[in-house]
Amino acid sequence: MNADGATAGTGGDQTDGAAAGSGDDQSAGAEIQGRVGFRGARGKVLMALMLTTGLIAIDATILATAVPSVVKELGQFDQFPWLFSVYLLAQAVSVPIYSKLADMIGRKPIILLGVGLFLLGSVLAGLAWNMTSLIVFRVVQGLGAGAAAPMAMTIVGDIYSVAERALVQGYIASVWAVASVVGPGLGGLFSQFTSWRWIFLVNIPLCLLAGWALLRFYHERVERKRHTIDYLGATLLTLGLTAVILALLEGGNAWSWTSWQSLSSLGVGFAALASFVQAERRVPEPVLDLGILRRPLIATTTLISLGVGALLIGVTSFVPMYLQNALGVVPLVSGVAVAALTLGWPLAAWRAGRMYLRFGYRTTVLIGCVVALAGSLGLALSGPYPNPWTVGGVSFVLGFGLGWTAAPCLIAAQASVNWDERGVVTGINVFARSAGSAIGVAVFGAIATNVIASGKGEHDYATIVRASTWVFVAVAVTAVAMLLASLRLPRGGVHSAAYRPAEAGSTPGSATAG
């Protein structure tokens, strides 16, 4: 089967009749620009994937501005942080399971399941009668997001060549850029002029349109064979990740780090993960093949993704508090400062393809890490002198660096495996970013809490500035660690042996558009 006349999903992906692994870098430039877009069969699939990604991207930003209206109607102010925690938790822990299933039964059923769960969760959340029910329905939404977002990235890896993927990632990244601006505005409009419930109900037509487009235009052929489902491994992995990430998200917030809740959650989580490692060595088809993580390229890109997640949360979670409490700026101004990061990211990702085709993945990622480090250092050095324009500028630089880091890392990891491992590898990359965010929340939050506790409180100018500055210093240290990790990437061009599948065996699946 083919996508626009070529097979997708093989070891050396071919699209439009041109082999991606041929070493002909002339595919970069005008030729690729002409092939990648919204025309043709693949263009319709790309629009469906962008719409699916948009559901998740807007949901990540639309709820924050509506929280006061939600609390005013439903009450239980002390529980509203769980609206975000349970969503992130459900999304993160489900990614590895969905990714393995996608490599077994195909991408299409998994992404459709994700859109369906997200639709169900949105309908139920729009009808929630109290805060507890809304929190439960956010779990359903999170489970849908855990399938939809990584599957969109995996399908891109299936139907586009290595040379085309970075340009396509630019399209996908632009969705997040638009969502970062549109989401908060829609949340405010719905809350002020209609009802907060519409921030969920607006997803209904979007989900139906995305589901129809995927059913109509995306087709795949999967080699049917008997699989052994690793139920024990899936259970242990889900339990372990849930407990550990819950402890990281809520430690220092819902309960103290030394409380019985934190200690028991961490204990159960690490025990379950240790049991998971032992169990995976005894099953023929593990839910997560730990051998994949031992490959140098996958291990390195995973470490870098951890750093990307931590840097993102360090800016998006702590910059608004810093500007609002230190300067008293309105949320809109602090939101614009943070939005500069999500503007720089897609701009860089859009051009990353030309960079890595010409200079290789390693050089591109190194440059991205250096730029991200420069932005992080600028944030740390400007910390004692709060200014929304300065913060916006350094956030843009940081986002630009991450755009040259995240997309090439994902594409390099995808290019190094065959179809039957691409879902898992993409899932590892996505999960690492979520885990990095969870760890970042825990570490950066602990730093801020300790500084504020030793000062005059969260409303004192000097205390907030000092706490935020130390958080930004920790962000810069994270950027240094990410740069050091990127030095471990193999040398060579995109067509070198280090970035190709070790075995060019039979193709168990392929994808088509049309």
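Everything discussed here concerns the structure shown above.
Quantities reported herein were computed from a predicted structural model and do not represent experimental measurements. (Residues numbered from 1 in each chain as written. Predicted model: local features only at pLDDT ≥ 70, side-chain atom pairs only at ≥ 80, totals over all residues. Heavy atoms only, no water.)

Q: Give me the overall build of the chain: which residues, what numbers.
A: Across its full length, the chain holds 18 helices and four strands. The buried share of the chain, taken over its 514 residues, is 57%. Pairs at least 24 apart in sequence give 83% of the contacts found in the chain among residues at least 6 apart. Accessible surface, the chain: about 20,600 Å² in total, of which carbon and sulfur atoms supply 67%. (Helix = DSSP H or I, 4+ residues; strand = E, 2+ residues; numbered from the N terminus. Buried < 20%, exposed > 50% of the residue type's maximum accessible area, 1.4 Å probe, protein only. Contact = heavy atoms within 4.5 Å. Areas by Shrake-Rupley, 256 points an atom, 1.4 Å probe, with all protein chains shown as cover.)

Q: Give a description of the packing of helix H13 (residues 296-327) against helix H17 (residues 419-454) that names residues and reports values.
A: Relative to each other, H13 and H17 sit at 45 degrees, their axes nearing to 6 Å. On the basis of the axis angle, H13 is oblique to H17. Of the two possible hands of crossing, H13 and H17 adopt the one that is right-handed. Here the residues of the contact of H13 with H17 are counted per class, giving 14 nonpolar, 10 polar and one charged. (Axes fitted to C-alpha atoms, helices over the stretch in contact; angles between N-to-C directions. Parallel < 35°, antiparallel > 145°, perpendicular 65-115°, else oblique. Left-handed = near helix turned anticlockwise from the far one by under 90°. Nonpolar A, V, L, I, M, F, W, Y, C, P; charged D, E, K, R; others polar.)

Q: Please set out H13 residue by residue, giving values where relevant.
A: The terminal C-alpha atoms of H13, which comprises 32 residues, lie 46 Å apart, in line with the 46 Å expected from a rise of 1.5 Å per residue. Taking the largest bend as the criterion, H13 deviates by roughly 35 degrees, centred on Phe-318, and proline Pro-320 comes between one and four positions later. Most of H13 sits out of view: 23 of its 32 residues are buried. In the segment just after H13, Gly-328 is the residue with positive phi, at about 75 degrees. (Expected span 1.5 Å × (residues − 1). Bend = angle between axes of the 7 residues up to and from the residue.)

Q: Go over the pattern of salt bridges, please, and point to the residues and values.
A: Counted under the stated rule, the structure contains seven salt bridges. Its salt-bridge partner being Arg-107, residue Asp-103 comes within 2.7 Å of it at the nearest N-O pair. Its relative accessible area of 7% is what places Asp-103 among the buried residues. With a closest N to O distance of 2.7 Å, Asp-158 and Arg-107 form a salt bridge. Of the two residues, Asp-158 sits in helix H6 (residues 131-159) while Arg-107 sits in helix H5 (residues 107-126), which places them 51 residues apart along the sequence. Linked by salt bridges that have partners in common, Asp-103, Arg-107, Asp-158 and Arg-422 make up one network. (Salt bridge = Lys/Arg side-chain N within 4 Å of Asp/Glu carboxyl O.)

Q: So what's going on with the packing of aromatic side chains? Which residues, and what values?
A: Describing an aromatic ring pair means giving the distance of the ring centres and the angle of the ring planes. Going through the model one piece at a time under the given rule, you end up with seven aromatic pairs. The interplanar angle of 85 degrees and the centroid separation of 5.6 Å between the aromatic rings of Trp-212 and Phe-217 together place this pair among those described as edge-to-face. Given the relative accessible area of 48%, Trp-212 is considered partly exposed. Taking relative accessible area as the criterion, Phe-217 reaches 12% and is therefore assigned buried. Taking 6.1 Å as the distance between ring centres and 40 degrees as the angle between the ring planes, the aromatic pair formed by Phe-396 and Phe-400 counts as tilted. Taken as a pair, Phe-396 and Phe-400 lie in helix H16 (residues 388-415) at a separation of four residues, close to a single helical turn. Since its relative accessible area comes to 24%, Phe-400 is described here as partly exposed. Linked through ring pairs, Tyr-356, Tyr-361 and Tyr-499 together constitute an aromatic cluster. Here Arg-107 stacks its cationic end above the ring of Trp-419, 4.0 Å away from the centre of that ring. (Phe/Tyr/Trp six-rings, centres within 6.5 Å; stacked < 30°, edge-to-face > 60°. Lys NZ or Arg CZ within 6 Å of the ring centre and 35° of its normal.)

Q: Lay out the packing of H17 against helix H18 (residues 461-486) in plain terms, naming residues and giving numbers.
A: Closest axis-to-axis distance for the H17/H18 pair is 9 Å, and the angle between their directions is 150 degrees. As the angle between them shows, H17 and H18 are arranged roughly antiparallel. Of the two elements, H17 crosses H18, and the hand of that crossing is right-handed. For the pair H17 and H18, the contacting residues are Phe-444, Ile-447, Ala-448, Val-451 and Ile-452 in the first and Thr-463, Ile-464, Arg-466, Ala-467, Trp-470, Val-471, Ala-474, Val-475 and Thr-478 in the second.

These results come straight from atomic positions and should not be treated as a statement about function.
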